[in-house]
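# Breakdown of the fold
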Amino acid sequence: MKKLAVVASGWHFPIAFFEQISSQKIPDGWEVDLFLVSHRDPSYAIKEKRETLSKLGFTRRELYDRIMYREVATVPEIEALGWKYSLKPNTMGDFGNTNQWLEKNDYKQYDKLLITHDDNFILTNQMFM
């Protein structure tokens, strides 16, 4: 069995991102572990996203944002979708998140790592295929 670790940096917390990654098709012979290294509680994103969404128009990109941010995910919702959530100090952004994950996890257990942000809109459920 081969293993993929998805390690996301948590700052924006759009529910769609966590749903989209959790619902990806997984190739035969693979398993996927989902990790979110957060640098703040999701509740801080609620007001920000409400204000941002109220200013959006209806271009394709803005429509994706409307879909992505229809709800800010809570920690229980994120965990219910199969993510292992951890809250860590914001030391230096992206590489900080990766290093914080590496401090607690053995990357050698994985054949591949996907390091990502939580503010990506995923257009397919075949990304891992």
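Below is a summary of the structure that appears in this document. The model shown is predicted, which means the values in this text are computed figures rather than measured ones. (Residues numbered from 1 in each chain as written. Predicted model: local features only at pLDDT ≥ 70, side-chain atom pairs only at ≥ 80, totals over all residues. Heavy atoms only, no water.)

## Quick look at helix α1 (residues 15-22)
Of all eight residues in α1, six are buried, a share of seventy percent or more. Burial in α1 covers these residues: I15, A16, F17, F18, Q20 and I21. Of the surrounding elements, those touching the buried residues of α1 are β1 (2-10), β2 (30-38), α3 (60-68), α4 (75-80), β3 (83-87) and β4 (112-117). (Buried < 20%, exposed > 50% of the residue type's maximum accessible area, 1.4 Å probe, protein only. Helix = DSSP H or I, 4+ residues; strand = E, 2+ residues; numbered from the N terminus. Contact = heavy atoms within 4.5 Å.)

## Details of the pattern of salt bridges
Under the counting rule described, the total for this entry stands at six salt bridges. Across the salt bridge formed by E48 and R40, the nearest N and O atoms sit 2.8 Å from each other. Note on E48: relative accessible area 31%, which makes it partly exposed. Between K47 and E51 there is a salt bridge, with its nearest N and O atoms 3.7 Å apart. With K47 and E51 both in helix α2 (residues 45-54) and four residues apart, this pair spans about one turn of that helix. Looking at K47, the relative accessible area reads 55%, which means it is exposed. Residue E51 is classed as partly exposed on the basis of its relative accessible area of 39%. Put simply, K3, E31 and D33 are held in one network by salt bridges that share partners. (Salt bridge = Lys/Arg side-chain N within 4 Å of Asp/Glu carboxyl O.)

## A short note on the side chain of N97
Structurally, the position occupied by N97 is in helix α5 (residues 94-104). A polar side-chain atom of N97 sits 2.7 Å from the main-chain carbonyl oxygen of V37. Among all residues touching N97, those that are not within four sequence positions of it are S9, G10, V37 and H39. (Polar contact = N/O pair within 3.5 Å; in protein donor to acceptor, adjacent residues only side chain to side chain.)

## Some words on the environment of D94
Tracing the backbone shows D94 in helix α5. Linking D94 and A8, residues 86 residues apart in sequence, is a C-alpha distance of 9.3 Å. Once residues within four sequence positions are removed from consideration, D94 is found in contact with S9 and H117.

## Some points on the side chain of Q100
With respect to the helices, strands and loops of the structure, Q100 is situated in helix α5. From its side chain, Q100 meets the backbone oxygen of P89 in a polar contact 2.8 Å long. In contact with Q100, other than residues within four places in its own chain, are V37, H39, K88, P89 and T91.

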